[in-house]
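# Observations on the three-dimensional arrangement
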Amino acid sequence: MSGTERLNGRRRARSRKAVASALQFLVVVATTYLGLLAVTFFIGRVIPIDPVLAVLGDRAPSHVVERTREAMGLNLPLYQQFFIYVRQALSGDFGVSVLTTNPVMTDIRRVFPATIELATLGTLIGAFIGVPLGVLAAVKRGSIADQIVRVIGLVGYSVPIFWLALLALLVFYARLQWVAYPGRIDIVYEYTFSPITGFYLVDALWQAQWDVFRDVFRHIILPASLLGYFSLAYISRMTRSFMLNELQQEYIVAARAKGLSEARIIWGHALRNAAVPLVTVIALSYAGLLEGSVLTETVFAWPGLGLYITNSLQNADMNAVLGGTIVIGSVFIGINLLSDLLYRTLDPRTRAR
Amino acid sequence: MSALLTVNDLRVRFPTRTGVIEAVRGVSFTLGRERLGIVGESGSGKSQTGRAIMGLTPSHAEVTAKTVSFGSVDLLSAPPKVRRDLRGKHIAMILQDPKYSLNPVMSIGRQIVETLRRHESISRSEARERALDMLAAVQIRDPARVFDLYPHEISGGMGQRAMIAMMLVAGPELLIADEPTSALDVTVQLEVLSILDKLVADRGMGLIFISHDLRLVSSFCDRVLVMYAGKIVEEIAASDLASAKHPYTQGLLNCMPVIGADRHPLPVLDRKPEWAL
Amino acid sequence: ETPKDTLVEAFAFDDIITMDPGEAFELSTAEMTSNTYSLLVRLDLNDTTKVVGDLAESWTVSDDGLTYTFKLKSGLKFASGNPITAEDVAYSFERAVKLDKSPAFILTQFGLNGDNVTEKAKAADETTFVFTVDQAYAPSFVLNCLTATVASVVDKKLVLEHVKAVTPTEDYKYDNDFGNEWLKTGYAGSGPFKLREWRANEVVVLERNDNYYGEQAKLARVIYRHMKESSGQRLALEAGDVDVARNLEPGDYEAVAKNGDLATTSAAKGTVYYISLNQKNEALAKPEVREAFKYLVDYDAIGSTLIKGIGEIHQSFLPKGVLGALDENPYKLDVAKAKELLAKAGYPDGFSVTMDVRNTQPVTGVAESFQQTLGQAGVKLEIIPGDGKQTLTKYRARNHDMYIGQWGMDYFDPNSNAETFTSNPDNSDEGKNKTLAWRNAWDVPELTKKTKEALLERDSAKRAETYKELQKTVLAESPFVIIFQQTEVAGLRGNLKGLKLGPSFDTNYVWNVSKE
Amino acid sequence: MTTAVSVQNLTVSFDDFKALDAVGVDVVAGESFGLVGESGSGKSTLLRAVAGLAPVTEGTIRVENRQLQGARRGKAFYRSVQMVFQDPYGSLHPRQTVDRQLLEPLAIHGVGDGERRILKALDEVGLGSGFRFRYPHQLSGGQRQRIAIARALILEPSILLLDEPTSALDASVQAEVLNLLEQVRRDRKLTFIMVSHDLGVVTHMCDRLAVMRGGRVVERLSSADLVAGRIGEDYTRDLMVASKGFRRG
Amino acid sequence: MSLATETRPMTRREWLLSDRPQSRTQARLGRAYMTWRRFSANRLAVLGLIILLGLVFVAAFADVLAPHSPVVGNLAGARLLPPGSEGYLLGTDDQGRDILSRLIHGSRLTLAVVVLVAIIAAPVGLIVGAVAGYSGGWVDAVLMRITDIFLAFPKLVLALAFVAALGPGIENAVIAIAITSWPPYARIARAETLTVRNSDYIAAVQLMGASPARIIFRHVMPMCLSSLIVRVTLDMAGIILTAAGLGFLGLGAQPPLPEWGAMIASGRRFILDQWWVATMPGVAILIVSLGFNLLGDGLRDALDPRESGQ
Ligand SMILES: Nc1ncnc2c1ncn2[C@@H]1O[C@H](COP(=O)(O)OP(=O)(O)OP(=O)(O)O)[C@@H](O)[C@H]1O
Ligand SMILES: Nc1ncnc2c1ncn2[C@@H]1O[C@H](COP(=O)(O)OP(=O)(O)OP(=O)(O)O)[C@@H](O)[C@H]1O
Ligand SMILES: [Mg+2]
Ligand SMILES: [Mg+2]
């Protein structure tokens with residue numbers, strides 16, 4: 001029995017495993033998505049709202065209501081309805097929004113960039129401030145700096161976002177007039193500025209419209225900072241805990257024994273290792289912000305997906321609500337997938353060779 | 001004999017919630033370019049002694065000594081920068097378990113190169129060459145391949161060799177090896193030890209070899225320090241071990257089952273409280 | 001600061017679901033439609049019991065009261081540049097009736113249907129439009145109904161360019177959609193403004209119609225920006241980000257009124273807020289209980305706090321300003337009296353009951369206040385909150401105990417409210433006519449008949465008298481605790497001139513607004 | 001002479017990796033049998049397969065002349081076979097007192113008289129009742145290993161599987177534990193299968209041993225042969241040399 | 001440690017700290033005492049505990065503590081009074097109700113939501129995770145699939161949709177939050193179970209012939225418990241915030257229940273002029289969820305020293 005033979009066997013097994021795990025991964029994504037559809041479908045059926053009412057409004061006379069009810073064909077067997085539902089959802093067809101009369105997908109395509117832009121900026125703020133803060137707290141464990149970072153994080157964890165948003169609005173908009181509100185852009189620019197990507201900051205930069213950029217920035221900065229704060233609270237806390245863990249490892253001692261500087265040990269070795277789980281944390285926090293937009297967007301009248309969903313909910317526009325839920329859910333799945341992949345590339349131990 | 005390292009009354013204390021733990025309680029010795037073994041049972045303070053010399057004691061611990069000098073440098077009063085420059089370049093340390101002591105997300109080669117480039121301003125390619133040479137020196141058969149591997153992709157024995165390569169690549173004068181082979185298989189253990197032995201001999205380094213295996217230490221080192229409860233209870237030349245005076249040392253020697261020696265039951269240590277005083 | 005030539009209004013218009021005048025029946029749409037489309041006749045804002053001509057130069061009613069002949073003004077043009085003819089009017093009526101969407105009943109109640117509409121609403125010549133009704137209704141009724149937005153005149157030529165073919169079915173016998181799909185977001189009118197864009201829950205943009213026959217609108221553009229929150233609207237108004245805030249609540253309204261840079265305006269609207277008692281509930285069906293509940297609303301406190309400025313205590317079903325409206329508020333909070341009545345009804349210790357309440361102000365606040373005063377008389381009220389659609393679904397299925405809500409007039413005529421509060425032709429669960437009386441299972445054959453008669457009374461004074469009687473009956477006996485009439489308010493920037501809210505939602509005109 | 005444990009042609013695979021490859025071992029009742037070999041050679045896996053803790057793909061295991069099926073074991077099996085693990089820090093439940101850990105097997109098997117048995121078991125492994133209510137973290141490594149032995153003995157098994165029971169211990173403590181094991185074997189006439197990588201320990205404890213490498217048994221020999229240098233395989237000889245300590249050469 | 005222990009009777013502290021406990025109770029108490037000592041050394045954690053004890057106290061004696069009725073106000077006479085007004089320490093709301101009294105009574109709702117969610121979601125997650133982790137194979141696959149599906153959902157949006165489907169009200173809010181909050185617990189319990197499953201002490205119990213159920217419930221679950229407790233405590237803050245969020249969107253507790261989130265929602269309308277109406281309940285939420293977070297942090301340090309890095 002030679003060692004190489006065993007080794008080869010293992011390698012073969014590993015590559016077979018890689019294929020199998022890729023397949024498994026697909027199955028996982030598919031079933032998750034199907035489950036998402038099943039639950040949204042279920043919610044859509046169970047909801048005690050007359051769908052006809054949603055289409056017609058309250059003041060429609062009875063015969064119109066009756067006629068529409070029949071026309072909407074709510075009489076097929078459930079499984080058949082579900083089948084149709086799945087097929088449509090897979091082709092990106094979530095029906096027509098009652099509220100806007102547009103296909104839900106068209107609406108989402110219009111509002112989602114607003115949410116993504118907000119959440120992305122929030123996450124960037126959160127990560128670029130949160131990670132260094134977390135590292136600082138871990139390195140200076142027990143110091144005043146650590147305590148301050150912890151308190152910042154704890155408060156961020158404990159404060160109702162919509163409440164803080166209200167207060168922030170009161171202070172920075174109503175009293176100080178530092179920022180703009182509401183929406184993404186001033187009315188003035190509404191008809192002189194034609195976005196391409198839907199991400200206004202990017203578009204304004206792209207087209208070199210500095211005044212527009214300034215205006216868009218003034219609109220986005222407050223909600224993005226708030227979201228950034230929440231993201232920061234989470235990220236700094238997790239960074240701290242990961243860093244503490246890494247700093248205790250033997251390889252840190254080994255690195256010190258090599259004579260490396262503290263900075264190199266912290267940023268090059270410990271953080272590089274902490275980065276592996278951190279990627280997941282940041283991705284999760286990003287997903288959380290996308291979802292958390294439901295509350296923030298309401299307060300800031302931010303025309304994004306969150307506001308779209310709440311509005312639709314309040315108007316019993318279930319197609320839109322479920323479509324939005326599915327899109328956010330899909331993005332969640334996608335982000336999880338992405339963070340998984342990132343995890344794999346960052347961590348050589350899980351990297352398939 | 002010109003002393004490479006002088007340690008006088010070294011003490012390491014850990015303040016904890018339940019009181020102060022004295023891990024090392026007044027250890028003194030001098031070391032030339034020789035192989036010095038430190039043995040003792042678990043918790044006797046062997047590692048903390050080694051780490052205190054390296055300056056790797058956890059920050060909340062308290063390290064005091066009359067002197068800890070490396071050549072002409074007083075280590076304890078030296079500024080951190082000076083100590084850092086010494087570490088890796090002049091004093092190096094090998095840790096027990098390669099599985100945990102190598103950075104898991106950095107390739108073996110980069111970790112070796114990192115030591116070199118920290119202490120010598122040389123080009124990337126030159127550093128790579130030196131690292132490959134070093135890998136070859138620790139008897140790794142295919143250095144170029146191993147260079148790019150990650151710690152989890154190599155075996156324990158290979159990891160320990162890489163660790164040795166990483167620590168010795170900058171050519172230190174003093175090496176502290178803290179149980180460098182106890183995580184390895186017996187057969188591999190010997191290979192690694194012989195590599196270590198050869199490198200130390202070739203380069204004329206001083207070596208502090210920490211182990212709990214008295215027999216191994218005595219066969220590997222010139223001189224042995226026996227530690228018990230943070231103190232050195234006996235210092236003895238390896239060749240004189242059979243005539244050790246301290247009952248602890250004798251107990252340690254005797255309690256190991258030996259092939260061919262038919263002792264049932266095995267003699268056991270009868271610890272006396274006064275040993276710890 | 002907003003641009004000089006643009007009016008920016010903060011307005012909660014999340015109810016808009018279509019901009020097609022033949023289909024739209026929402027309050028916010030009414031404002032947009034009335035500013036962008038022309039009608040034959042409009043409500044006379046100086047005397048809301050009368051109408052004035054819009055496209056119509058003049059009109060006559062035949063002696064038998066069945067034929068209405070309208071003469072159009074000359075030289076009229078749509079925003080598209082197409083001329084306006086009687087043909088367009090006829091087509092507008094035809095499509096509304098044939099589409100048979102929510103507001104169509106305002107026309108079809110005169111005996112129109114898909115088969116006869118081309119006969120009953122037709123162009124006699126280029127400028128003469130003839131409208132035939134099936135009974136000799138009070139002319140005020142007919143004309144009032146024609147002020148509704150469903151009677152807006154659409155550009156036939158333009159619409160025909162955008163019709164979509166559909167397959168006829170049992171329910172819908174026509175081969176095209178009369179441009180309905182296009183008009184949901186499109187525009188084919190002739191009003192002072194053109195509809196440029198509507199993005200649901202975001203923005204509605206109106207632009208001046210240079211082809212308008214009358215006086216040109218003063219501003220080039222009106223932008224309605226969707227904002228739900230009163231406080232947000234006020235903030236934006238104070239900051240000058242908007243010129244008008246339309247959905248201010250009492251506190252914010254007061255603050256705006258006090259602000260020297262800002263001004264306010266208000267107008268009583270044809271909407272009443274009421275609490276209704278489902279007569280299917282044994283306890284609530286007792287006449288004494290119905291009466292007791294009317295004594296258990298703290299009208300004064302509500303009037304001076306929760307609805308201060310945005311509503312006025314008003315206990316009869318016809319809003320002020322409507323023909324025959326009764327201005328009497330006999331009820332006051334009187335817990336002792338209510339207790340007495342409850343004891344008489346056999347509930348000396350009160351009882352438990354639920355009320356469906358939608359999550360909007362001031363309804364929630366009033367409901368909570370009512371809950372407290374009911375509690376004082378021993379009646380335990382459980383509030384079941386829900387969004388509008390949820391509570392309505394339950395309400396329309398008659399599954400509630402009590403309901404609090406508002407009723408806005410469908411068209412500016414007393415019959416609109418009289419019919420819903422006092423007529424219930426078939427009280428069975430299958431009843432086709434789901435009036436408020438039906439929803440609360442209030443079976444009143446006598447009143448139903450009387451309501452019908454009022455419709456055919458051609459003498460306006462007598463007609464008004466009948467409505468007064470109906471209101472008195474409702475006040476005394478009905479399961480409706482009518483509390484107040486809505487006052488619509490707006491906060492304005494100080495530099496705004498000419499903004500006046502009308503008596504109904506389709507009379508909030510913006511073409512007279514200008515900026516200094 | 002009866003066979004206590006008989007393993008024939010045993011193969012254990014994890015996914016595609018064969019941890020044991022057609023291994024055969026016969027252990028006579030009352031003897032002490034040793035398994036040596038390098039790390040990863042499958043020593044632990046063999047023991048775990050016997051105990052029903054590893055997935056058997058092929059081969060047969062007979063314990064006291066009863067053929068065992070798959071990973072399922074009857075209650076009787078557990079009363080005759082017990083195991084002591086390598087890592088004294090990992091083999092005791094960290095949240096349970098010694099008392100609870102010793103009581104558990106009695107409770108599972110519905111054995112009464114727990115009080116007495118626990119005290120007796122503690123006594124037997126040289127720990128007084130003072131240790132009864134301690135948590136594992138309040139014990140030293142050697143003491144933990146004694147508890148693990150007590151736990152294994154409390155059901156009065158006839159076969160004890162020992163997976164490197166002393167390799168995590170200091171040499172001085174190792175001697176104590178080895179003495180203890182020898183003594184209970186003598187007292188109870190137990191059959192031992194003992195894994196170790198230390199030839200010294202194995203020859204000290206066992207009559208016969210098997211040398212494993214890469215999932216296979218490469219050589220079976222008696223301790224006496226080993227001591228006398230009657231060794232067939234190079235690998236065994238390497239092990240032998242290695243255990244003598246370092247030779248500068 | 002003192003050397004004089006033999007000569008005088010043990011103090012209670014020494015009895016607890018004894019490393020030679022004489023009875024089960026002493027052992028258990030000693031362990032608890034050690035945990036308490038570790039916990040109480042963390043001043044912030046003790047503050048968290050005090051906050052929560054305060055919450056429980058206030059909730060228990062709400063009837064005695066509240067100066068006014070939480071539901072009946074004085075609409076005509078005492079509406080929107082600022083804090084410090086005669087008889088109204090924290091002011092009144094738009095129905096003329098005393099905000100302090102409402103906050104005091106609201107503590108019951110907050111506590112109820114938190115406790116209900118905890119006793120629904122945590123055990124469900126624990127059982128699902130432990131069973132999945134221990135069983136492995138298809139049981140694991142199926143259970144984890146379901147868990148992942150729920151995890152992939154946007155939590156708040158899903159809760160919204162559920163409440164919309166079930167109808168608003170505090171019970172439904174609780175159910176909706178519980179439905180969306182068990183999956184992380186299942187994940188934690190499973191992860192913990194996986195590490196425990198392959199440990200030797202579980203192998204030892206298997207070797208005693210213990211049934212899988214016994215192993216899961218008596219040996220595996222206790223190991224998951226501490227990280228679960230920590231996580232649940234930390235999540236409490238999130239639950240309070242989610243409940244408040246639902247209330248804020250008008251889908252939480254029914255009026256006139258003094259639920260804090262709903263109070264913010266209704267006070268939000270007055271934020272510009274009567275800031276206290278929305279601010280007071282916000283502060284209450286902040287304090288209580290801060291309390292939970294502090295406690296959770298402290299518990300983690302005390303129960304799960306690994307994670308805190310001690
Ligand atoms: N961070 C620390 N805090 C408190 N006590 C510590 C710490 N590190 C080590 N000790 C204590 O110091 C003593 C000596 O530890 P050391 O690691 O030097 O032992 P050792 O001789 O190397 O043992 P082993 O053979 O197990 O490695 C031990 O009793 C240990 O408990
Ligand atoms: N549960 C498992 N899943 C996958 N592989 C396993 C598992 N258990 C053991 N193996 C593999 O089986 C091989 C044999 O392992 P085993 O534990 O039997 O070795 P051992 O001889 O006891 O080594 P050691 O001396 O290190 O304890 C090893 O390569 C190991 O990686
Ligand atoms: Mg050590
Ligand atoms: Mg093993």
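Treat the numbers as computed from the prediction; the structure is a model and nothing was measured. Per chain, residue numbering runs from 1 following the sequence as it is written. Lettering for chains starts from A, numbering for ligands starts from 1, and both go in the order in which the items are written. For a predicted model such as this one, the threshold for reporting local features is a pLDDT of at least 70, and the threshold for listing and counting side-chain atom pairs is 80 or more; totals across whole chains, interfaces and linings nevertheless cover every residue. With hydrogens and water excluded, all non-hydrogen atoms of the structure serve as input to the side-chain values.

## Focus: the overall build of chain D
- Only DSSP runs of H or I reaching four residues or more are called helices, and only runs of E reaching two or more are called strands; each is numbered from the N terminus. Within chain D one finds nine helices and ten strands.
- This radius of gyration counts C-alpha atoms alone. The globule rule is 2.2 Å times how many residues there are, raised to the power 0.38. In terms of C-alpha radius of gyration, chain D reaches 18 Å, essentially the compact-globule figure of 18 Å for 249 residues.
- Taken along its principal axes, the extent of the C-alpha atoms in chain D is 50 × 45 × 40 Å.
- Contacts were defined at the residue level, with two residues in contact if any of their heavy atoms lie within 4.5 Å. For chain D, contacts bridging at least 24 residues in sequence account for 66% of all contacts bridging at least 6.
- If you sum the accessible surface of chain D, you get close to 9,300 Å²; carbon and sulfur atoms cover 45% of it.
- For chain D, the separation between the mean place of its 32 positive charges and that of its 29 negative charges on side chains is 3 Å. Each accessible area is a Shrake-Rupley estimate made with a 1.4 Å probe; only the visible protein chains count as cover when residues are assessed. In this tally Asp and Glu are treated as negative and Lys and Arg as positive; neither His nor the chain ends contributes. All charge positions are set by atom: Lys at NZ, Arg at CZ, Asp at CG, Glu at CD.

## Quick word on the environment of D63 of chain E
Residue and element names in this part refer to chain E.
- Among the structural elements, D63 can be located in helix 4 (residues 62-65).
- Accessibility expressed as a relative area gives 57% for D63, which makes it exposed.
- Measuring from C-alpha to C-alpha, the distance between D63 and I285 comes to 20 Å, with 222 residues separating the pair along the chain.
- Not counting residues up to four positions away in its chain, the partners in contact with D63 are H105 and R108.
- Within polar-contact distance, the side chain of D63 engages the side chain of R108 at 3.4 Å. Using a 1.4 Å probe on the protein chains alone, a residue whose accessible area is under 20% of its type maximum counts as buried, one over 50% counts as exposed, and one in between counts as partly exposed. N or O atoms within 3.5 Å of each other form a polar contact, as long as, within protein, one can give a hydrogen and the other can take it, and as long as residues adjacent in sequence are counted only when both atoms are side-chain atoms.

## Section: the site of ligand 2
- With respect to spatial proximity, 13 residues lie near ligand 2, and among them S39, G40, K43, S44 and T45 of chain D are the closest.
- Ligand 2 sits at the junction of chains A and D, each of which supplies nearby residues.
- Between ligand 2 and the protein, one listed contact pairs an oxygen atom with a side-chain N or O atom of S44 of chain D at 2.5 Å.
- For ligand 2, the accessible surface in isolation is 630 Å², of which the surrounding protein chains cover 61%.
- Element by element, the count of residues in the shell around ligand 2 is highest for helix 1 (residues 43-51) of chain D, at three residues. Here a residue is considered near a molecule or strand provided that any single heavy atom belonging to it is located within 4 Å of it.

## Section: the UniProt feature "domain: ABC transporter" (unreviewed entry) in chain D
- UniProt positions are given in the numbering used here, feature names are shortened, and annotations may be inferred rather than shown by experiment. UniProt records the feature "domain: ABC transporter" (unreviewed entry) at residues 5-239 of chain D, using the numbering of this structure.
- For residues 5-239 of chain D, helix accounts for 37% and strand for 28%, while the C-alpha atoms at its two ends are 26 Å apart.

## Digging into the interface of chain E and chain A
- With 45 residues of chain E in contact, the opposing surface of chain A contributes 44 residues.
- Two parts lose some accessible area (1.4 Å probe) when they are put together, and adding that loss for both gives the buried area. Carbon and sulfur atoms supply 71% of the area buried between chain E and chain A, which totals about 4,000 Å² over both sides.
- The term salt bridge refers to a side-chain nitrogen of Lys or Arg lying within 4 Å of a carboxyl oxygen of Asp or Glu. In this structure, the connection of chain E to chain A is made through two salt bridges.
- Salt-bridge contacts for R237 of chain A lead to D297 of chain E; the nearest nitrogen and oxygen are separated by 3.2 Å.
- At the boundary of chain E and chain A, one finds seven residue pairs in polar contact (both at pLDDT 80 or more).
- Here the side of chain E that touches chain A takes twelve residues from helix 12 (residues 275-303) of chain E, the largest share from any one element.
- Three classes are used, and their members are as follows: Ala, Val, Leu, Ile, Met, Phe, Trp, Tyr, Cys and Pro are nonpolar, Asp, Glu, Lys and Arg are charged, and the others, Gly among them, are polar. Of the residues belonging to the side of chain E that touches chain A, the class tally is 30 nonpolar, eight polar and seven charged.

## What to know about the UniProt feature "domain: ABC transmembrane type-1" (unreviewed entry) in chain E
- UniProt records the feature "domain: ABC transmembrane type-1" (unreviewed entry) for residues 107-296 of chain E in the present numbering.
- Annotation note: span residues 107-296 of chain E, helix share 84%, strand share 0%, distance between end C-alpha atoms 19 Å.

## As for the sheet that holds strand 1 (residues 3-14) of chain D
Residues and elements named next belong to chain D.
- The four strands are arranged 2-1-4-5 in an open sheet whose pairing can be described as antiparallel. The open sheet terminates on both sides in strands that have one partner only, identified here as strand 2 (17-28) and strand 5 (66-67).
- Relative to strand 4 (residues 56-63), strand 1 is paired through six bridges, and the arrangement is antiparallel. Directly across from V12, in strand 4, lies its bridge partner V56.
- Comment: axis = line fitted to C-alpha atoms, over the contacting stretch for helices; angle = value between 0 and 180 degrees taken between N-to-C directions. Helix-sheet contacts for helix 1 involve strand 1, strand 2 and strand 4, and the interaxial angle to strand 1 is about 110°. Strands are labelled as partners when DSSP assigns at least two bridges between them.

## What about helix 10 (residues 212-248) of chain E?
Residue and element names in this part refer to chain E.
- The length a helix should cover is 1.5 Å for every residue beyond the first. Compared with the 54 Å implied by 1.5 Å per residue over 37 residues, the 45 Å span of helix 10 between its first and last C-alpha is markedly short.
- Roughly 50° is the biggest bend found in helix 10, and it falls at M221, with proline P222 one to four residues downstream.
- Taking burial as the measure, the 37 residues of helix 10 include 28 buried ones, the bulk of the element. Here the bend at each residue means the angle between axes fitted to two seven-residue stretches, the one ending at that residue and the one beginning there.

## Description of the site of ligand 1
Residue and element names in this part refer to chain B.
- The environment of ligand 1 is made up of 13 residues, and the closest members are S42, G43, K46, S47 and Q48.
- A distance of 3.0 Å separates an oxygen atom of ligand 1 from a polar backbone atom of G45.
- The fraction of the free accessible surface of ligand 1 (630 Å²) that becomes covered by protein chains is 67%.
- Counting residues per element, the ones that place at least two in the shell around ligand 1 are strand 2 (19-31) and helix 1 (46-54).
- Ranked by residue count, the leading element in the shell around ligand 1 is helix 1, at three residues.
- Residue classes in the shell around ligand 1 are distributed as three nonpolar, seven polar and three charged.

## Here we look at the sheet that holds strand 7 (residues 159-163) of chain D
All names here are of chain D.
- The strand order across the open sheet formed by six strands is 6-7-8-3-9-10, and the pairing between neighbours is mixed. Edge strands, defined here as strands with exactly one partner in the open sheet, are strand 6 (81-84) and strand 10 (216-222). When strand polarity is set aside, the average angle formed by the axes of neighbouring strands in this sheet is 20°.
- In this structure, strand 7 lies alongside strand 8 (residues 191-195), joined through five bridges in parallel fashion. Across the sheet, the residue bridging to L162 is M194, located in strand 8.
- Each of strand 3 (32-37), strand 9 (208-213) and strand 10 is contacted by helix 9 (residues 234-242), which is oriented at about 105° to strand 9, the strand it contacts most.

## Observations concerning the interface of chain D and chain B
- Facing the 28 residues of chain D at the interface are 28 residues of chain B.
- Each partner contributes to the roughly 2,400 Å² buried at the junction of chain D and chain B, and carbon and sulfur atoms together form 64% of this total.
- Counting across the chain D and chain B interface gives zero salt bridges.
- On the surface where chain D and chain B come into contact, there are six residue pairs in polar contact (both at pLDDT 80 or more).
- If you list the elements that add at least two residues to the side of chain D that touches chain B, you get helix 6 (171-188), helix 7 (199-205) and helix 9 of chain D.
- The greatest single-element share of the side of chain D that touches chain B, amounting to nine residues, is contributed by helix 6 of chain D.
- Residues of the side of chain D that touches chain B, tallied by class, amount to twelve nonpolar, ten polar and six charged.

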